[in-house]
Structure formats: structure tokens, C-alpha cells
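Structure at a glance
Given next are the chains, with one letter for each unit.
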Amino acid sequence: MELVCPAGTPASLRAAVDAGAHAVYCGFNDETNARNFPGLNFSPEELAEGIAYAHARGAKVLVALNTFPRAGGEVLWHRALANAESAGADAVILADLGLLDYAATHHPDLRRHLSVQAAAANPDAINFYAATFGVRRVVLPRVLTVDEIRAINREIDVETEVFVFGGLCVMAEGRCSLSSYATGRSPNMNGVCSPASHVVYSEETDGLRARLGDFTIHRTPKGQPAPYPTLCKGCFTSGEQTGHVFEDPVSLDATQLIPALAKAGVTALKIEGRQRSRAYVAEVVRSFRAAVEAQAAGLPLPQGALARLAEGQAGTTGAYAKTWR
């Protein structure tokens, strides 16, 4: 299976390629992609240089243009499509219907992948995108079991790509009403989930307090690792229960499910983490490249190699095992 790895910066792209990525995904440094954070992403010139570096070493580059264009601002996304094609991108990752139509019409030779932001989670939706816009691959939402993925693959003719490591989104992908409500910025429209500009930490007598907008989302006891400040992984009171109502602050780690995903017909395995350091990216990519090669050779998969890099130093298989509350 193809290993698709994150690159938030040119340095991370080189690190991912050198560590064994079959493909790298990245985005421009503007609101056309859903990791629109300061200090991340690529200028058109940096993208062209990164693609040349990857191609010289046998790796592909996929460009995420996976936010939804603003009314009257479509030219920014149209320009990004043209820049991706001229730079030699192997595919673009799109979610918006209008942008998919524009790409199919004006850039017919540019391979199109359907972003997880489109939340296409059944054969009818996927086949619609394939027939209407020539989509060649769909990134499946992180809400499906392995059996559900197998059932989908029996009814579609396009490739499927699934997440296997990193952040676990427990909402409809990119449509997080919680984050939008707390900050006024939409993951789909602005490209940010729990934006860093709205996060405030304060040291208090009982530990570290994390706030997002006007809301306290977590209190970490002294000496304990603080979770990444995403609202869905904060502590809430619901009825008589106080705790992580949606999901524990841990990372998705589906390493041990790689053989099952292969049997389910999955084409590509995706690692989340464009906001992570190049050292993190390199280590995760090396580990998963070893796991993919072990699976292909029929050998046992490595055990627990990435636990210390996971959020909270713990992993979950998330929806693959339907453990949500």
C-alpha cells in the first residue's frame, strides 16, 4: 500500500521523502488548505522545489486545496490549482463541488483526489464524485470500521485512502461546530481547528489551565503532559459524568490494523501531522514504512514503536473499533 505522509514545511517534505514516504501531501501558505497556520505551508516556488526534490527520489507530491472557497474569492483557489499543476503536482486533494468542477473543466489532466473534508462515507456519494468530476481516489472519513471500508470498496471503482496515525477528528470532517462556536473560525472555511491564536494557557494552583476562546477546555495536573488543545478532546460535564465525553486526548494509531486494511482493499495509508516537526515526521514515516514493508512480506508488524510520539503517549484505533461513547 502507498504511504502518504505529511509535510507542513519544505524541510518536513525532504525529511518525509528521505524517511521513505511513497507520497507527501502539503498545501500553499494561504486559506486554500485546511492547515492554515502561521509558519506552515509552501509558497509556489517552494512547492516547485519540493516536487522536484521528491520526484528525483521516486516520491509523489499531492497538494491539498481542501477548504471551501469564499464567495467572491474563488480566484485564490483557481490560482492555486494552476500553480499546483505548473509545479508538477501528482494530484490535488479537493473537497468543494465548485472547485472540483473547475478543476475537471480547466485542468483535466491534473489528477483529482477527494478530500476527507468532503466527508464522502458511502458508495453512492463516492461514485457521484467519480462519475461527475473524474475523482480517482477518495480519502475516507475517520468514522468507518474496517468492515464498512471493505463494503464500500466492493461498490466503487476508485482508490481509497485511510488515516492510520495522528490526530483523530471525531466530528464530521472539517465541520466542527464546537470549534467554530468557540472561536468564530470554521475549519472548512478558514482552515483552522482550535486555532492557536485563540488558545491561552495559565498556571494555577491545581495545574495548567487551557482555554479556547471563552471556554476552559482542560485542566492538567502539575507534572502531567498537556493534551493538544482541541475542543473535542477537552473535559466536559454531561449529566452526571465529567471527563472526555467525545474522545480521550490520545492519537490514532492503526498500525496493527494494516493487514486488515489491506484485505479490505485500501490503496493508501495516510499519516496526519502537517503541523508537526520534521523530526516527528521522519520518525513516524520510518516506522510506518517498516510496517508497510513487513505487511507486504508477510512478516509480523513492529509493536509499539510510536507510543512515545502519540498524544498523551497513548494510542487508539478510534472508529475502526467503534469505541466512542
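Residues numbered from 1 in each chain as written. Predicted model: local features only at pLDDT ≥ 70, side-chain atom pairs only at ≥ 80, totals over all residues. Heavy atoms only, no water.

**Some details on the overall build of the chain**
Note the cut-off: Numbering of helices and strands runs from the N terminus; a helix is a DSSP stretch of H or I covering at least four residues, while a strand is a stretch of E covering at least two. Throughout, the radius of gyration refers to the C-alpha atoms, and the reference size of a globule is 2.2 Å times the residue count to the power 0.38. Only protein chains enter the area calculation, which uses a 1.4 Å probe; residues under 20% of their type maximum are buried, those over 50% are exposed, and those in between are partly exposed. The charge count treats Lys and Arg as positive and Asp and Glu as negative. His and the chain ends do not count. A single reference atom marks each charge: NZ on Lys, CZ on Arg, CG on Asp, CD on Glu.
Within the chain, the secondary structure is distributed over ten helices and 15 strands. Taking 20 Å as the expected radius of gyration for a compact globule of 325 residues, we find that the chain reaches 19 Å, a close match to that expectation. Split into buried and exposed, the 325 residues of the chain put 52% on the buried side. Between the centroid of the 30 positive side chains of the chain and the centroid of its 33 negative side chains there is a distance of 3 Å.

**Quick look at the packing of aromatic side chains**
As a reminder, the rule being used: Side-chain rings of Phe, Tyr and Trp, where Trp is taken by its six-membered ring, are said to pair if the distance between their centres is within 6.5 Å; with planes under 30 degrees apart they count as stacked, over 60 as edge-to-face, and otherwise as tilted.
The final tally for this structure, using the stated rule, is five aromatic pairs. Ring centres of Phe128 and Tyr129 lie 5.5 Å apart, and the angle between their planes is 70°; this geometry places the pair in the edge-to-face category. Note on Tyr181 and Phe215: the rings are 5.9 Å apart at their centroids and 40° apart in plane angle, and the pair reads as tilted. With Tyr181 in helix α7 (residues 177–183) and Phe215 in strand β10 (residues 215–220), this residue pair connects regions lying 34 residues apart in the sequence.

**Thoughts on the state of the cysteines**
This is how the line gets drawn: Cysteine sulfur atoms are paired as a disulfide whenever they fall within 2.5 Å.
Summed over all chains, the structure comprises zero disulfides. Lacking any disulfide linkage, Cys26 is separated from the closest cysteine sulfur, that of Cys5, by 12 Å. You can call Cys26 buried: its relative accessible area is 0%.

**Thoughts on the side chain of Thr67**
Going by this rule: Polar contacts, as counted here, are pairs of nitrogen or oxygen atoms within 3.5 Å of one another; within protein the pair requires one atom able to donate a hydrogen and one able to accept it, and residues that are adjacent in sequence qualify only if both atoms are side-chain atoms.
Here Thr67 is to be found in the loop between β3 (60–65) and α3 (74–87). The class of Thr67 is buried, set by a relative accessible area of 0%. Looking at Thr67, its side chain comes within polar contact range of the side chain of Trp77, at 3.1 Å.

**Details of helix α6 (residues 146–153)**
Note the threshold: Each direction from the helix axis to a C-beta atom contributes to the arc, which is the arc of those directions. Only heavy atoms matter for contacts: two residues are in contact if any of them lie within 4.5 Å across the pair.
When we look at burial in α6, the residues that qualify are Val146, Ile149, Ile152 and Asn153. Buried residues of α6 fall within an arc of 120° about the axis and therefore sit on the same side. The inward-facing, buried residues of α6 contact α5 (123–133), β7 (159–166) and α9 (258–263).

**Observations concerning the packing of α3 against helix α4 (residues 97–106)**
Selection rule: In this analysis, axes come from line fits to C-alpha atoms, helices being fitted only over the stretch in contact, and the angle between any two N-to-C directions falls in the range 0 to 180 degrees. By the definition adopted for this analysis, an angle is roughly parallel if under 35 degrees, roughly antiparallel if over 145, roughly perpendicular if from 65 to 115, and oblique otherwise. Left-handed is the label given to a crossing in which the near helix is rotated counterclockwise from the far helix by less than a right angle, and right-handed is the label when the rotation is clockwise. For this classification, Asp, Glu, Lys and Arg are treated as charged, while Ala, Val, Leu, Ile, Met, Phe, Trp, Tyr, Cys and Pro are nonpolar and the rest, including Gly, are polar.
Contact pair α3 / α4: the axes reach a minimum separation of 11 Å and the direction vectors enclose 40°. On the basis of the axis angle, α3 is oblique to α4. Seen along the crossing, α3 lies across α4 with a hand that is right-handed. Here Trp77, His78 and Leu81 of α3 lie close against α4, whose contacting residues are Leu99, Tyr102 and Ala103. Class assignment of the residues belonging to the contact of α3 with α4 gives a composition of five nonpolar, one polar and no charged.

**Looking at the pattern of salt bridges**
What counts here: By convention in these notes, a salt bridge is any Lys or Arg side-chain nitrogen within 4 Å of a carboxyl oxygen on Asp or Glu.
Tallied over the entire structure, the rule returns twelve salt bridges. For Glu159, the salt bridge identified is with Arg137, shortest N-O distance 2.8 Å. One end of the pair, Glu159, is in strand β7; the other, Arg137, is in strand β6 (residues 137–139), with 22 residues separating them in the sequence. Its salt-bridge partner being Glu161, residue Lys270 comes within 3.5 Å of it at the nearest N-O pair. One end of the pair, Lys270, is in strand β14 (residues 268–271); the other, Glu161, is in strand β7, and 109 residues separate them in sequence. Here Lys270 and Glu161 have matching classes, each one buried.

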